[in-house]
Amino acid sequence: MQKSWSKQEITGILSCRDPHLLDELLEAADRCRRDSVGTNVYLRGLIEFSNECRRNCYYCGIRKGNRSISRYRLAAGEIVSLAMSALDAGYSSLALQSGESDDPREINEVVQFVQAIKTQSQARDNTGNGLGITLSIGELTYDQYKKLWEAGAHRYLLRIEASDPRLFSQIHPPGQSYKKRLQCLNDLKTIGYQVGTGIMVGLPGQSVNNLVRDLQFFVDKDIDMLGMGPYIPHPNTPLYKKQVPDFEPFSMTLKIIALARLMMPDINIVCSTALQTLNPQGLELGLKAGANVVMPVLTPEDNRGDYTLYDNKNYTRPQELIERIKESGYTVGLWTWGDSRHYAVRNAQLE
Ligand code: SAH
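Residues numbered from 1 in each chain as written. Predicted model: local features only at pLDDT ≥ 70, side-chain atom pairs only at ≥ 80, totals over all residues. Heavy atoms only, no water.

Q: Looking at this structure, I do not really get the overall build of the chain. What am I missing?
A: Within the chain one finds 14 helices and eleven strands. Its C-alpha radius of gyration of 19 Å places the chain within 12% of the 20 Å reference for a compact globule of 351 residues. In terms of overall dimensions, the chain has C-alpha extents of about 50 × 45 × 40 Å along its principal axes. Here the chain, with 351 residues, has 59% of them falling under the buried criterion. Working note: accessible area of the chain is about 14,800 Å², and carbon and sulfur atoms make up 50% of it. (Helix = DSSP H or I, 4+ residues; strand = E, 2+ residues; numbered from the N terminus. Rg over C-alpha atoms; globule rule 2.2 N^0.38 Å. Buried < 20%, exposed > 50% of the residue type's maximum accessible area, 1.4 Å probe, protein only. Areas by Shrake-Rupley, 256 points an atom, 1.4 Å probe, with all protein chains shown as cover.)

Q: Explain the pattern of salt bridges here, please?
A: For the structure on display, the rule yields 19 salt bridges. The shortest N-O distance in the salt bridge between Arg 124 and Asp 88 comes to 2.6 Å. Placement of the pair is Arg 124 in helix α4 (residues 104-124) and Asp 88 in helix α3 (residues 76-88), with a sequence separation of 36 residues. As a salt-bridge pair, Arg 324 and Glu 284 come within 2.8 Å of each other at their nearest N and O atoms. Taken together, the residues span a long stretch of sequence, with Arg 324 in helix α13 (residues 318-327) and Glu 284 in helix α11 (residues 282-288) at a distance of 40 residues. (Salt bridge = Lys/Arg side-chain N within 4 Å of Asp/Glu carboxyl O.)

Q: So what exactly am I meant to see when it comes to the site of the ligand here?
A: Taken together, 16 residues are adjacent to the ligand, and Tyr 59, Ser 98, Arg 159, Glu 161 and Ile 232 come closest. Backbone polar atom of Tyr 59 to a nitrogen atom of the ligand: 3.0 Å apart, as the coordinates give it. Here Ser 98 contributes a backbone N or O atom positioned 3.0 Å from a nitrogen atom of the ligand. Protein burial of the ligand: of its 550 Å² of free accessible surface, 92% is covered by the chains. Partitioned by chemical class, the residues of the shell around the ligand number nine nonpolar, five polar and two charged. (Near = heavy atom within 4 Å. Polar contact = N/O pair within 3.5 Å; in protein donor to acceptor, adjacent residues only side chain to side chain. Nonpolar A, V, L, I, M, F, W, Y, C, P; charged D, E, K, R; others polar.)

Q: Help me understand the packing of aromatic side chains in this model?
A: When we look at a pair of aromatic rings, we describe it by the centre distance and by the angle of the planes. Counting across every chain of the model gives six aromatic pairs. A ring pair is formed by Phe 168 and Tyr 178, whose centres lie 5.5 Å apart and whose planes are at 75°; its orientation type is edge-to-face. With Phe 168 in helix α6 (residues 165-171) and Tyr 178 in helix α7 (residues 178-191), this residue pair connects regions lying ten residues apart in the sequence. As far as burial versus exposure is concerned, Phe 168 and Tyr 178 are alike and both buried. Counting every residue linked through ring pairs, the aromatic cluster contains Tyr 145, Trp 149, Tyr 156 and Tyr 193. Taking NZ or CZ as reference, Arg 304 lies 4.9 Å from the ring centre of Tyr 315, over its face. (Phe/Tyr/Trp six-rings, centres within 6.5 Å; stacked < 30°, edge-to-face > 60°. Lys NZ or Arg CZ within 6 Å of the ring centre and 35° of its normal.)

Q: Honestly, unusual backbone geometry in this entry has me stumped. Any pointers?
A: Trans peptide bonds make up most of the peptide bonds, and negative phi angles are found at most residues other than glycine. Phi at Ser 92 takes a positive value of approximately 65°, unusual for a residue other than glycine. With respect to the secondary-structure elements, Ser 92 resides in the loop between α3 and β3 (93-98). Of the residues examined, Ser 92 reaches a relative accessible area of 6% and is grouped as buried. At Asn 312, a position not held by glycine, the phi torsion is positive, near 50°.

Q: How should I be thinking about the packing of helix α1 (residues 7-15) against helix α9 (residues 249-263) in this particular structure?
A: One way to put it is that α1 packs onto α9 with a least axis distance of 10 Å and a crossing angle of 150°. In this view, α1 runs roughly antiparallel relative to α9, as classed from their interaxial angle. Every pair of crossing elements has a handedness; the one defined by α1 and α9 is right-handed. Residues Ile 10, Ile 13 and Leu 14 of α1 form the contact with α9, whose participating residues are Met 252, Lys 255, Ile 256, Leu 259 and Met 263. (Axes fitted to C-alpha atoms, helices over the stretch in contact; angles between N-to-C directions. Parallel < 35°, antiparallel > 145°, perpendicular 65-115°, else oblique. Left-handed = near helix turned anticlockwise from the far one by under 90°. Contact = heavy atoms within 4.5 Å.)

Shown next as structure tokens:
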């Protein structure tokens, strides 16, 4: 029987600054991941295909108001060819990410290249499965999500960023609504996607109580995937100089990943690039805490400098990531989609 976690227990762990407790927590999370999802770490070739964005999130470096980056949008042909290189390398799954557009023509273009990736990768791959596709392109309408699903995308990442509506409204401009974000998460689930969400850890105004609530939110929403990382201030954003909480975001993120693994043993958890950016051991410690998905960046080098969600983003070469995953005692799940086990379980229960 899975243990249920009380608010007091979670608060106690998150507030405790004893490094021994962190070690014990990581050990427990690692045991749990080995029992529930095994030692495989799955790769998602990350293609950041556009930094054009209509939003003005107070924390994000590609917000519309940042005039100091050049805006780009990769051509469909280039995206498809990057996708095929991921397939040839055995990654078997992609994460396609961008700023947020609501231009129907642009969304239609995404539908088209998702379809092209799907058919071409199925033809190229001798298993016939082709590439698994995760999208992370923000808040869209139900019909747009549905079209993208029909085109072949089957996972979607949309972080709630902060599950407390008050904190959410402090880090987003008035036009961006918490309710709409919840609606999007519900729509994605109704359509049938594997749904991922997550938060940033260490945001100005964030408390341990907020983080406890975030973990409970993930459980309540019965999510399939989690992507979480430390908040890293970006100089061209309104939150840049705002005072951050007095906890240390790196080890706090590790604790939250470990607790998430213990509370939701069969979900997929990403070891985020932000975690790897803050600390040279970010990859190894993130895996130990229970993360089982890593996203090697495939965005063309010419564009990376303009996809700056935060400062000094880490780019580790895919081959080095693979070596380091193996050296940490895990196996690399190549030639397989590596879907969330939780998704399969929750669908079996519905039947
Ligand atoms: N536009 C899409 C995806 C791009 S942003 C979307 O909104 O979902 C992807 C994630 O990067 C965001 O969800 C946010 O959690 C994270 N992010 C943005 N700015 C950041 C910062 N300054 N530090 C750390 N993470 C950040």
